Amino acid sequence: MRILIVDDSKYQRQLVANCLREVGTCDEAEDGRQAVLLFATALKTGKHYDLVVMDILMPEVDGHKALETIVAMQHEAGLAPEQRSKSIMLSSLDDPKNMMQAQFQSGADIYITKPFEADTLLEALTSLDLLTNPLGDADMAGDAGPASLPQPLSRQSNGNGN
């Protein structure tokens, strides 16, 4: 899985990368402008990102505008919905206005408020069908069993093993 982490704080980028490096290859951008450039290059080379993790408050281009641009680039490239990158907005802003803007205007799939736990990020990837549920079907039956690190799903998988 290819992951683009976008945050103007190097510390925050490293926190996210530490959570996700076991499940994918992480690239980093320090602002929205740089993120759009990296995404465009990846799209042109056929090595687009499976996941974009984006902060909102950044210099140059904020996370809302950067994600809107990335979503538009994928539409213009003719990517089918199942081929498009999934996106998570990470922000210290927990007000409903930013949450709604992130998900409905900017195109974020999930909004997570900082500070966050690594498990929260991994659960988000599972809900986006980017990782298998580490508990498998046992978690649905109430029999937790031994937990293990979630595994990335292939881009062709629908998350149900098909």
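Everything below is about the structure printed above this text.
A brief report on the enclosed structure follows.

How each quantity is defined
- Each residue is numbered by its place in its chain's sequence as written, counting from 1.
- Only residues with pLDDT of at least 70 get local features here, since the model is predicted, and only at 80 or more are side-chain atom pairs given and counted; chain-wide, interface and lining totals rely on the full set of residues.
- To obtain the side-chain values, all non-hydrogen atoms of the structure were used and water was disregarded.
- Helix numbering and strand numbering both begin at the N terminus, where a helix is a DSSP run of H or I of at least 4 residues and a strand a DSSP run of E of at least 2.
- Think of it in three bands: residues with accessible area under 20% of the maximum for their type are buried, residues over 50% are exposed, and the middle band is partly exposed, with areas taken using a 1.4 Å probe on protein chains only.
- Contacts are assigned to residue pairs that have any heavy atoms within 4.5 Å of one another.
- Method for areas: the Shrake-Rupley scheme with a 1.4 Å probe, in which residue coverage is limited to the protein chains shown.
- To qualify as a nonpolar core, a set must consist of buried Ala, Val, Leu, Ile, Met, Phe, Trp, Tyr and Cys residues joined through side-chain atoms within 4.5 Å.
- In short, DSSP must find at least two bridges between two strands for them to pair.
- Here the term right-handed applies to a crossover when the path leading from its first strand over the helix to its second strand runs clockwise, the strands being oriented away from the viewer.
- Each direction from the helix axis to a C-beta atom contributes to the arc, which is the arc of those directions.
- Note on ring pairs: Phe, Tyr and Trp rings are taken, using the six-membered ring of Trp, and paired if centres are within 6.5 Å. Classes follow the plane angle, with under 30 degrees stacked, over 60 edge-to-face and the rest tilted.
- Counted as over-ring charges are cases with an Arg CZ or a Lys NZ within 6 Å of the ring centre that also lie within 35 degrees of the ring normal.
- For helices, the axis comes from a line fit to the C-alpha atoms of the stretch in contact; other axes are also lines fit to C-alpha atoms, and the angle between any two N-to-C directions lies between 0 and 180 degrees.
- Note on terminology: angles under 35 degrees are roughly parallel, angles over 145 are roughly antiparallel, angles of 65 to 115 are roughly perpendicular, and the others are oblique.
- By definition, any crossing whose near helix is turned counterclockwise from its far helix by less than a right angle is left-handed, and any crossing with a clockwise turn is right-handed.
- In the scheme used here, Gly and all other residues not listed as nonpolar or charged are polar, with Ala, Val, Leu, Ile, Met, Phe, Trp, Tyr, Cys and Pro taken as nonpolar and Asp, Glu, Lys and Arg as charged.

## Re the overall build of the chain
Working step 1: Along the backbone of the chain there are 6 helices and 5 strands.
Working step 2: When each of the 162 residues of the chain is scored for burial, the buried share is 40%.
Working step 3: Put simply, of all contacts in the chain between residues at least 6 apart along the chain, 57% involve residues at least 24 apart.
Working step 4: A total accessible area of about 8700 Å² is found for the chain, and carbon and sulfur atoms account for 50% of it.

## Regarding the nonpolar core
Working step 1: Core analysis: the biggest nonpolar cluster contains 22 residues, and Leu-4, Val-6, Ala-35, Phe-39, Met-54, Met-73 and Met-89 have the highest contact counts within it.
Working step 2: Mapped onto this core, the elements with two or more residues apiece are strand 1 (2–6), helix 2 (32–44), strand 3 (51–55) and helix 3 (63–76).
Working step 3: Of the residues forming this core, the biggest block, 6 residues, is contributed by helix 2.
Working step 4: Apart from residues lying up to four places away in sequence, Ala-35 is in contact with Leu-4, Val-6, Ala-29 and Met-54.
Working step 5: Val-16, Ile-88, Ala-124 and Leu-125 belong to the second-largest nonpolar core, a separate cluster that totals 21 residues.

## Digging into the pairing of strand 3
Working step 1: Strand 3 sits mainly inside the fold: 5 of its 5 residues count as buried.
Working step 2: Of the two faces of strand 3, both are covered, the one formed by Leu-51, Val-53 and Asp-55 as well as the one formed by Val-52 and Met-54.
Working step 3: Sheet analysis places strand 1 next to strand 3, joined by 4 bridges and oriented parallel. Its bridge partner lying in strand 3, Ile-5 is registered against Val-53.
Working step 4: For the handedness criterion, the β-α-β arrangement of strand 3, helix 3 and strand 4 (residues 86–91) is classed as right-handed.

## Things to note about helix 1 (residues 10–20)
For an α-helix the count is 3.6 residues per turn, leaving residues at separations of three or four pointing the same way.
Working step 1: Regarding helix 1, the residues found buried are Gln-12, Arg-13, Val-16, Ala-17, Cys-19 and Leu-20. Angular distribution of buried residues about the axis of helix 1 spans 160 degrees; they occupy a single face of the element. In this structure, helix 1 carries Lys-10 and Tyr-11 as exposed residues pointing more than 90 degrees from its buried face.
Working step 2: Against strand 1, strand 2 (25–29), strand 3, strand 4 and helix 5 (118–127) lie the buried residues of helix 1.

## Thoughts on helix 5
Working step 1: All of the buried residues along helix 5 are Leu-121, Leu-122, Ala-124, Leu-125 and Thr-126.
Working step 2: Of the surrounding secondary structure, the elements contacted by the buried residues of helix 5 are helix 1, strand 3, strand 4 and strand 5 (110–113).

## Some remarks on the packing of aromatic side chains
Working step 1: Overall, the coordinates contain 1 aromatic pair when judged by the stated rule.
Working step 2: Between the NZ or CZ atom of Arg-2 and the centre of the ring of Tyr-49, over which it lies, the distance is 4.4 Å.

## Here we look at the sheet that holds strand 3
Working step 1: The parallel open sheet is built from 5 strands, whose spatial order is 2-1-3-4-5. At either end of the open sheet lies a strand with only one pairing partner, and these are strand 2 and strand 5. For this sheet, the mean inter-axis angle between neighbouring strands, taken without regard to orientation, is 20 degrees.
Working step 2: With respect to the sheet, helix 1 is in contact with strand 1, strand 2, strand 3 and strand 4, its orientation differing from that of strand 2 by roughly 170 degrees.
Working step 3: Set on the sheet, helix 3 makes contact with strand 3 and strand 4; between it and strand 3 the angle comes to about 155 degrees.

## Details of the packing of helix 2 against helix 3
Working step 1: Where helix 2 contacts helix 3, the axes come no closer than 9 Å and their chain directions differ by 15 degrees. The pairing of helix 2 with helix 3 is recorded here as roughly parallel in orientation. The interaxial crossing formed by helix 2 with helix 3 has right-handed handedness. For the pair helix 2 and helix 3, the contacting residues are Gly-32, Val-36, Phe-39, Ala-40 and Leu-43 in the first and Ala-66, Thr-69, Ile-70, Met-73 and Gln-74 in the second.
Working step 2: Class assignment for the residues of the contact of helix 2 with helix 3 results in 7 nonpolar, 3 polar and no charged.

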